[in-house]
Amino acid sequence: MLEEIRVVDCSAEIAGPYCTKLLADAGADVVKVEAAAGDPMRSWGSGALFEFLNTSKRSVVRPERDPLDDLLAGADVVVCDRSRPLDVAALRYGRPDLVVASITPFGLDGPWRDWAATEFTLQAWCGSTGSRGVPEGSPLAAGGRIGEWIGGTYAAVAVAAALRAARASGRGELIDLALLDAMAVTMNTFTSVFAEFLDWPPLRRPTRTIEIPSLEPASDGYVAFTTNSAQQFADFLVLIERPDLREDKELALHLGRFKRRHDFFETIHEYTTQHTTAELLERAALLRVPSGPVGNGETVTGFDHFQERKVFVENPSGRFVQPRIPYRISGVDPRPFAPAPGLGAHDGSVDWPARQPAPADGAAQPLAGVRVIDCTAWWAGPAATHGLACLGADVIKVESVSRPDLMRYTSTRRPGVDRWWEWGPLFHGANNSKRGITLDFTRPEGLELFRRLVPTADVLLENFTPRVMEQFDLDWPAIHDLNPSLTMVRLPAYGLDGPWRNRTGFAQTMEGITGLAWVTGQPDGPPLLPRGACDPLAAMHAVFATLLALDERAQRGEGCLVEAAMIEAALNMAAEQVVEFSASGQLLERDGNRGPVAAPQGVYAGAGEEEWLAVAVATDDQWTRLRAALGDPAWARDPTYDTAAGRRAGHDELDARLATWCATQDVRATAERLAAAGVPAGYVVDARDIAHNPQLLHRGLFEEEDHPVTGRHPIPTLPFRFRDRHEGWLRSPAPTLGQHNDEVLAEVGVDAAARDALRAAGVIGERPSGL
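Here is a short report on the structure shown in this document. (Residues numbered from 1 in each chain as written. Predicted model: local features only at pLDDT ≥ 70, side-chain atom pairs only at ≥ 80, totals over all residues. Heavy atoms only, no water.)

### Side note on the sheet that holds strand β19 (residues 601-605)
Consideration 1: Sheet architecture is open: three strands sit in the order β19-β20-β21, paired in antiparallel fashion. In this open sheet, the two edge strands, each paired with only one partner strand, are β19 and β21 (681-683). Between one strand axis and the next, the sheet turns by 20 degrees as a mean value, whatever way the strands run.
Consideration 2: Of the strand pairs in this sheet, β19 and strand β20 (residues 612-616) are connected by five bridges, and their pairing is antiparallel. When the bridges of β20 are listed, Val 603 appears paired with Ala 614.
Consideration 3: The sheet contacts of helix α5 (residues 119-126) involve β19, β20 and β21, and relative to β21 the element is tilted by about 15 degrees. (Pairing = 2+ DSSP bridges. Helix = DSSP H or I, 4+ residues; strand = E, 2+ residues; numbered from the N terminus. Axes fitted to C-alpha atoms, helices over the stretch in contact; angles between N-to-C directions. Contact = heavy atoms within 4.5 Å.)

### Describing the pattern of salt bridges
Consideration 1: Applying the stated criterion across every chain yields a total of 63 salt bridges.
Consideration 2: The salt bridge partner of Asp 97 is Arg 95, with a shortest N-O separation of 2.9 Å. Comparing Asp 97 with Arg 95 shows no difference in burial state: the two are buried.
Consideration 3: Linked by salt bridges that have partners in common, Arg 309, Arg 324, Arg 328, Asp 497, Glu 563 and Glu 568 make up one network. (Salt bridge = Lys/Arg side-chain N within 4 Å of Asp/Glu carboxyl O. Buried < 20%, exposed > 50% of the residue type's maximum accessible area, 1.4 Å probe, protein only.)

### A closer look at the environment of Ala 629
Consideration 1: Within the secondary structure, Ala 629 is located in helix α23 (residues 620-629).
Consideration 2: For Ala 629, a relative accessible area of 22% puts it in the partly exposed group.
Consideration 3: For Ala 629 and Leu 758, which are 129 residues apart along the polypeptide, the C-alpha to C-alpha distance reads 70 Å.
Consideration 4: When near neighbours in sequence (up to four residues on either side) are disregarded, Ala 629 contacts Arg 673 and Leu 674.

### As for the sheet that holds strand β16 (residues 459-462)
Consideration 1: Read across the open sheet, the seven strands follow the order β12-β18-β17-β16-β13-β14-β15; overall the sheet is mixed. At either end of the open sheet lies a strand with only one pairing partner, and these are β12 (328-329) and β15 (435-438).
Consideration 2: Judged from the four bridges that link them, strand β14 (residues 394-399) and β15 form a sheet pairing that is parallel. Paired with Ile 396 across the bridge in β15 is Arg 435.
Consideration 3: This element, helix α16 (residues 444-453), spans β13 (371-375), β14, β15 and β16 of the sheet and lies at about 150 degrees to β13.

### A word on helix α9 (residues 230-239)
Consideration 1: In terms of burial, α9 is a largely internal element, seven of the ten residues being buried.
Consideration 2: Buried within α9 we find Gln 232, Phe 233, Ala 234, Asp 235, Phe 236, Leu 237 and Leu 239.
Consideration 3: Packed against the buried residues of α9 are β8 (221-225), α10 (254-259), α11 (261-272) and α12 (277-286).
Consideration 4: Just past α9, the residue Glu 241 takes up positive phi, approximately 60 degrees.

### Details of the pairing of strand β6 (residues 173-178)
The side chains of a regular strand alternate between both faces of the sheet.
Consideration 1: Of all the six residues making up β6, six are buried; the element is thus mostly covered by neighbouring parts of the structure.
Consideration 2: Of the two faces of β6, the one lined by Glu 173, Ile 175 and Leu 177 and the one lined by Leu 174, Asp 176 and Ala 178 are each fully buried.
Consideration 3: Inspection of the sheet shows strand β5 (residues 99-104) paired to β6 by six bridges, in the parallel sense. Paired with Ile 103 across the bridge in β6 is Leu 177.

### Looking at the packing of helix α19 (residues 507-514) against helix α21 (residues 566-573)
Consideration 1: At a minimum axis separation of 9 Å, α19 and α21 run at an interaxial angle of 45 degrees. Relative to α21, α19 is oriented oblique. Pair α19 / α21 crosses with right-handed handedness. Contacts between α19 and α21 involve Ala 507, Met 510, Ile 513 and Thr 514 from the former and Met 566, Ile 567, Ala 570 and Leu 571 from the latter. (Parallel < 35°, antiparallel > 145°, perpendicular 65-115°, else oblique. Left-handed = near helix turned anticlockwise from the far one by under 90°.)

### Topic: the side chain of Arg 755
Consideration 1: Along the chain, Arg 755 turns up in helix α29 (residues 752-760).
Consideration 2: Residue Arg 755 is classed as buried on the basis of its relative accessible area, which comes to 12%.
Consideration 3: If we skip the residues at most four places from it in the chain, Arg 755 touches Asn 741, Asp 742, Leu 745, Ala 746, Val 750 and Ile 764.

### Considerations on the packing of aromatic side chains
Consideration 1: In the structure shown here, the tally under the stated rule is 25 aromatic pairs.
Consideration 2: Here Phe 197 and Trp 423 contribute two aromatic rings whose centre-to-centre distance is 5.4 Å and whose plane-to-plane angle is 80 degrees, an arrangement assigned as edge-to-face. Of this pair, Phe 197 sits in helix α8 (residues 191-197) while Trp 423 sits in the loop between β14 and α15 (425-431), and the two are 226 residues apart along the sequence.
Consideration 3: Here Phe 303 and Phe 306 contribute two aromatic rings whose centre-to-centre distance is 4.8 Å and whose plane-to-plane angle is 85 degrees, an arrangement assigned as edge-to-face.
Consideration 4: Residue classification places Phe 306 among the buried positions, given a relative accessible area of 2%.
Consideration 5: Among the aromatic residues, those joined into a cluster by ring pairs are Phe 303, Phe 306, Phe 312, Tyr 494 and Trp 500.
Consideration 6: Sitting above the plane of the Trp 423 ring, Arg 413 keeps its charged end 3.7 Å from the centroid.
Consideration 7: Sitting above the plane of the Trp 518 ring, Arg 590 keeps its charged end 4.7 Å from the centroid. (Phe/Tyr/Trp six-rings, centres within 6.5 Å; stacked < 30°, edge-to-face > 60°. Lys NZ or Arg CZ within 6 Å of the ring centre and 35° of its normal.)

### As for the packing of α5 against helix α7 (residues 179-186)
Consideration 1: At a minimum axis distance of 9 Å, the contact between α5 and α7 shows a crossing angle of 50 degrees. Here α5 is positioned oblique relative to α7, judged by the angle of their axes. Here α5 runs over α7; the crossing is right-handed. On the side of α5, the interface is formed by Glu 119, Leu 122, Gln 123, Trp 125 and Cys 126, while α7 contributes Leu 179, Leu 180, Met 183 and Ala 184.
Consideration 2: For the contact of α5 with α7, the residue count by class is seven nonpolar, one polar and one charged. (Nonpolar A, V, L, I, M, F, W, Y, C, P; charged D, E, K, R; others polar.)

### Here we look at the state of the cysteines
Consideration 1: Tallied over the entire structure, the rule returns zero disulfides.
Consideration 2: With no disulfide of its own, Cys 375 lies closest to Cys 560 among cysteine sulfurs, the gap being 19 Å.
Consideration 3: No disulfide involves Cys 662; its sulfur sits 19 Å from the nearest other cysteine sulfur, which is in Cys 126. (Disulfide = S-S within 2.5 Å.)

### Overview of the environment of Glu 445
Consideration 1: Mapped onto the fold, Glu 445 is located in helix α16.
Consideration 2: The exposure class of Glu 445 is partly exposed, given its relative accessible area of 35%.
Consideration 3: It is 29 Å that separates the C-alpha atoms of Glu 445 and Val 709, two residues lying 264 residues apart in sequence.
Consideration 4: Apart from the residues within four sequence positions on either side, Glu 445 is in contact with Leu 758 and Val 763.

The values are spatial; any link to function lies outside them.
This is the structure:
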């Protein structure tokens, strides 16, 4: 679908290459520009991760200071990061149609722009690390470099959107994506908005927790259980044969379970360890408790659902298997994977004729004039339609008074308070810039109104289990008959077919099944949930596929069915585990706060109560800079530590030395001083405090929502900026329940008298039924 698009990829590692992988998978001609040493990922492990990230690309070797004039003259897109510094403003001089995507830790401006960082330290700054673990231990980072995969996905969405706008207007774009922004949006669940809505209550220290139940041991492995609702937890108690505990009001609350975690773990494990994974999963399915096996690089390929759906395919090298492209578009055969290129394999063979820029005639938003019907709930689906809304689409969110989006009920106000359901922070974060209506699909009048709405739209996006839309005769054939030009995007947890198609899935389940949890936690402890990232990650893959499908519609004149299974997006983010085990037999494991690249790397306690410093030394130069910041003590001058191998061998001793030094430090000031001096470091912040981060504030990640019920509060938005024409993403507050019933229904010909009758009958409404 992007086969006419030419991409110059001046990036390395994970974020940029995953962005350009998504573009290459969609047909773009991607030329990877490398220095003589090549992308460091070429020599990482068995090289399988490099091959996964760089299939279907070409490679040329150019000196670092080569201006790349010949490539840029014929390119449509340039993707760059810190691995090859480019003057991003100069790139577009004379080429106003060029789309340039910059991916950096902190963005192109702001007080922290030039600070040193790694994924590990960015997790500290964004609030992720500080929320994970138990009080008696240190905060724990998530494994798997999740933030880089997320950043690459958002960058691909931004590029696809900018290309769409460029085709319409002749104007390209400078995309400025900061990994810190992307991680702040996705790796904590709008914690700062919860704090805002609660008027910043005093902070309880420590703030890190784990979910209970979560990843629990079976007799032959681990099983992931998810109890996001009171009913799911009550059913879990039946599952472990302790229904008597349903009357325990403290256990019914997450914080109550965490307070009594040691005793409650004994209760859970007394049952789970006596049963196999298969037995526990079967019982969970009968009781409708969301669950899944906890996979890793060795076992995940054997999951029956993945096998039946043929989710894993052979890499063109024949050395390993990998996840397939995580979306499907009807009528479009995915581009077959071609082998990753050898270093410089295409030197002298890239012959792109120069592009001739078209006259620029405006700067319309990428999705201006596109209408989206939003039949979604929870986080992944609403996050997808929120992305479309930010990019200019008119998004109409459909709820019902009998079943609103249950994210409204994760409220900071108690039931009984006037309009308490309007105080759900996550609902606000994922649903601003939309219009909202209510239609009861269980009533013939509600279904008829929905069928009248469908012909007015360009996209319908839903994220329920497949049977939900099908039970209302709203599957793809029915929708296509109503509006042949409409694209239907389906974002189920497990996909539209396969043995798990009708199971409910949440991010926690996905993190367990795909292996993301396997590499998070202490080496001698259970796997832990990374938390949160699967929902927005799946959402952005769905947005990317939607943009492609809209382009496809423009070519063939009719709409498409898009399937973007949530778990397959998560599988791509966890791909390293599968490809590495498949290629070399090495099983990646969790290792606490240590990592495979940096040494020393850890979280160290500072002088104050619950004050922690994250440090990650990834290069010899960074070690030299850390030594200088420490005052070059005698122990640090040991020549053993002059090499990465020596530092890794002496990691225990380095940890002890750094812990002693850090215990006397003001760690926030120390983190800032180290990062500014070129040493990746971060202060382990509480997730709610990201709303005060000076870099995020400078970049405008938070925009003010002025809501008729909750008032004015800052809300985090999309983590990239269109620098040429950015005026903010937030266009309107999250809709109150049914707020736009009259407005939207009038647009499909329902007059005032008919609307009043529908309201009186409960087909539409502005309050949840029974409240």
